[in-house]
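# Remarks on the overall topology
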Amino acid sequence: MQRWRGLEDIPQDWGRSVVTIGSYDGVHRGHQLIITHAVERARELGVPSVVVTFDPHPSEVVRPGSHPPLLAPHHRRAELMAELGVDALLILPFTTEFSKLSPADFVVKVLVDKLHAKAVVEGPNFRFGHKAAGNVAFLSEQGKTYDFEVEVVDLYVTGEAGGGEPFSSTMTRRLIAEGDVEGAREILGRPHRVEGIVVRGAQRGRELGFPTANVETLPHTAIPADGVYAGWLHAQGEEMPAAISVGTNPQFDGTERTVEAYAIDRVGLDLYGLHVAVDFLAFVRGQAKFESIEALLEAISDDVKRSRELIEAYDGGR
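Residues numbered from 1 in each chain as written. Predicted model: local features only at pLDDT ≥ 70, side-chain atom pairs only at ≥ 80, totals over all residues. Heavy atoms only, no water.

This part covers the nonpolar core. Generally speaking, soluble globular proteins have nonpolar side chains that are buried together. The biggest cluster of nonpolar side chains holds 27 residues, and the ones touching the most others in it are Val50, Leu111 and Leu115. Those elements giving two or more residues to this core turn out to be β2 (17-21), β3 (49-55), β4 (88-93), α5 (103-112), β5 (117-122) and α6 (136-146). Among residues more than four places away in sequence, those in contact with Leu111 are Val19, Ile21, Phe106, His116, Ala117, Val120, Leu139 and Phe148. (Core = buried A, V, L, I, M, F, W, Y, C linked by side-chain atoms within 4.5 Å. Buried < 20%, exposed > 50% of the residue type's maximum accessible area, 1.4 Å probe, protein only. Helix = DSSP H or I, 4+ residues; strand = E, 2+ residues; numbered from the N terminus. Contact = heavy atoms within 4.5 Å.)

Pro56 follows Asp55 through a cis peptide bond whose omega is 0°. In this structure, Ala132 takes a positive phi of about 55° despite not being glycine. Turning to its location among the elements, Ala132 is positioned in the loop between β5 and α6. Residue classification places Ala132 among the partly exposed residues on the basis of a relative accessible area of 34%. The backbone of Gln236 shows a phi angle near 50°, a positive value even though the residue is not glycine.

Right, let's get into the packing of α5 against α6. Their axes nearest at 11 Å, the elements α5 and α6 cross at an angle of 55°. Here α6 runs oblique to α5, going by the angle between their axes. The way α5 lies across α6 gives a crossing that is right-handed. Residue-level inspection shows Pro103, Ala104, Val107, Val108, Leu111 and Val112 of α5 in contact with α6, the latter providing Phe138, Leu139, Gln142 and Tyr146. Its residues assigned to classes, the contact of α5 with α6 shows nine nonpolar, one polar and no charged. (Axes fitted to C-alpha atoms, helices over the stretch in contact; angles between N-to-C directions. Parallel < 35°, antiparallel > 145°, perpendicular 65-115°, else oblique. Left-handed = near helix turned anticlockwise from the far one by under 90°. Nonpolar A, V, L, I, M, F, W, Y, C, P; charged D, E, K, R; others polar.)

To continue, consider helix α1 (residues 29-45). Its 17 residues give α1 an end-to-end C-alpha distance of 24 Å, which sits within 8% of 24 Å, the value for a rise of 1.5 Å per residue. Of all the residues in α1, the buried ones are Gly30, His31, Ile34, Ile35, Ala38, Val39, Arg41 and Ala42. Each element contacted by the buried residues of α1 is listed here: β2, β3, α3 (74-83), β5, β6 (149-152) and α7 (169-177). (Expected span 1.5 Å × (residues − 1).)

With respect to topology, six strands assemble into an open sheet ordered β1-β4-β3-β2-β5-β6, the strand pairing being parallel. A single partner strand is all that each edge strand has here, and the edge strands are β1 (2-5) and β6. Averaged over neighbouring strand pairs, the angle between their axes works out to 25° when direction is ignored. Strand direction decides the pairing type here: β1 and β4, joined by four bridges, are parallel. Within the sheet, the bridge partner assigned to Trp4 lies in β4 and is Leu90. Sitting on the sheet, α3 is in contact with β1, β3 and β4, with an inclination near 165° to β3. Relative to β2, α5 is tilted by about 130°, and along the sheet it contacts β2, β3, β4 and β5. (Pairing = 2+ DSSP bridges.)

A few words now on the packing of aromatic side chains. Applying the stated criterion across every chain, the model contains twelve aromatic pairs. Relative to Trp14, the ring of Trp4 has its centre 4.8 Å away and its plane inclined at 85°; by these criteria the two rings are edge-to-face. Of this pair, Trp4 sits in strand β1 while Trp14 sits in the loop between β1 and β2, placing them ten residues apart in sequence. Exposure class is identical for Trp4 and Trp14. Each is buried. Measuring from centroid to centroid gives 6.0 Å for Phe98 and Phe106, while their planes differ by 75°, and the two rings are edge-to-face. Exposure class is identical for Phe98 and Phe106. Each is buried. By the ring-pair criterion, three or more aromatic residues cluster together here, those being Phe54, Phe94, Phe98, Phe106, Phe126, Phe128 and Phe138. A cation over a ring is seen here: Arg200 above Tyr272, with NZ or CZ 3.8 Å from the ring centre. (Phe/Tyr/Trp six-rings, centres within 6.5 Å; stacked < 30°, edge-to-face > 60°. Lys NZ or Arg CZ within 6 Å of the ring centre and 35° of its normal.)

Turning to the side chain of Ser17, a few remarks are in order. Structurally, Ser17 is set in strand β2. According to the relative accessible area criterion, Ser17 is buried, its value standing at 0%.

This next bit is on the layout of surface pockets. Roughly 1,100 Å³ of internal volume is contained in the largest pocket. Around the largest pocket, the lining is made up of 39 residues, and of these Gly22, Ser23, His57, Phe126 and Arg127 lie nearest the centre. Class assignment of the residues belonging to the lining of the largest pocket gives a composition of 18 nonpolar, 14 polar and seven charged. (1 Å grid on protein atoms, 1.4 Å probe; cavity = no way out; pocket = protein on both sides within 12 Å on 5 of 7 lines; lining within 4 Å. Points joined across faces, edges and corners; volume = space filled by probe spheres on them.)

Attention now goes to empty space enclosed by the protein. All chains considered together, the criterion is met by one cavity of 30 Å³ or more. In this structure, the largest cavity encloses a volume near 40 Å³. Leu71, Ala72, Arg76, Leu188, Arg190, Pro191, His192 and Arg193 together form the lining of the largest cavity. Partitioned by chemical class, the residues of the lining of the largest cavity number four nonpolar, one polar and three charged.

On to the pairing of strand β10 (residues 238-247). In this sheet, β10 lies alongside strand β9 (residues 227-235) in antiparallel orientation, the contact comprising nine bridges. Across the sheet, Ala235 pairs through a bridge with Glu238, a residue of β10. Where β9 folds back onto β10 in an antiparallel hairpin, the turn is made up of two residues, including Gln236, whose phi is positive at roughly 50°. Across six bridges, the pairing between β10 and strand β11 (residues 258-263) is antiparallel. Directly across from Ile244, in β11, lies its bridge partner Ala261.

What follows is the structure, encoded as structure tokens:
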């Protein structure tokens, strides 16, 4: 998959294409419906498929300080889109100047002049341009003028997560914030992932016999509620079953919120300075302060045992 940052990165000889536009944070199952439709339509027409997205999140530019917690960084979204068969990803730097583009100017500058859209695939509530004034109806009218089709895909998948509400990035963020990583997994179609660099912490886990990778997460990451989770630690191309702790470590009067992953049954891991990923499979228990170190150690042993069982049960169904 080709990756472009900014309109100037698009090859000069780029021909017609099928385009879909959106933040696509998380590339959840609703997003997957739209992107897959765009990919399939592109193949039918014999042209490439292009996803257009933005960095930073538009809300941060329009309303500074309102950046939502991110479900996936851009490189992870690119991986997921490539798996869906997307041919090219265009990340547009979202600046104050860009935010002032009228819907009509956006169509001409992006869809017509640069991507030579043959078809545009969107969800029914798609909005674009200055003050989100453009919608699907306007886009369809522009398509008649500039010779591109507009196809609308209903992205509203529903399930048990969120009480049967339509799947959305907003709902996914809410479930993650509540610690309902199982519900988030239903919407995403995979476990929620957090990434970052392994840094040196207080090293209490090592002293207690359960050394953890202390992950310094990427900015604006959606981090689950404080507690213990079962999941996986991905490092150096390896997926390792893990018991994951999120919180401030109240046992030792901690104040800084951390994400720490203990790779189950692994000895001698040295991950300092490496970029790793942590996948959250299931909630085990909430954060707690115990009466003694012995009680804490007993709880950690139970956490590891429960995490191992949850992971094995999940792996058995894969």
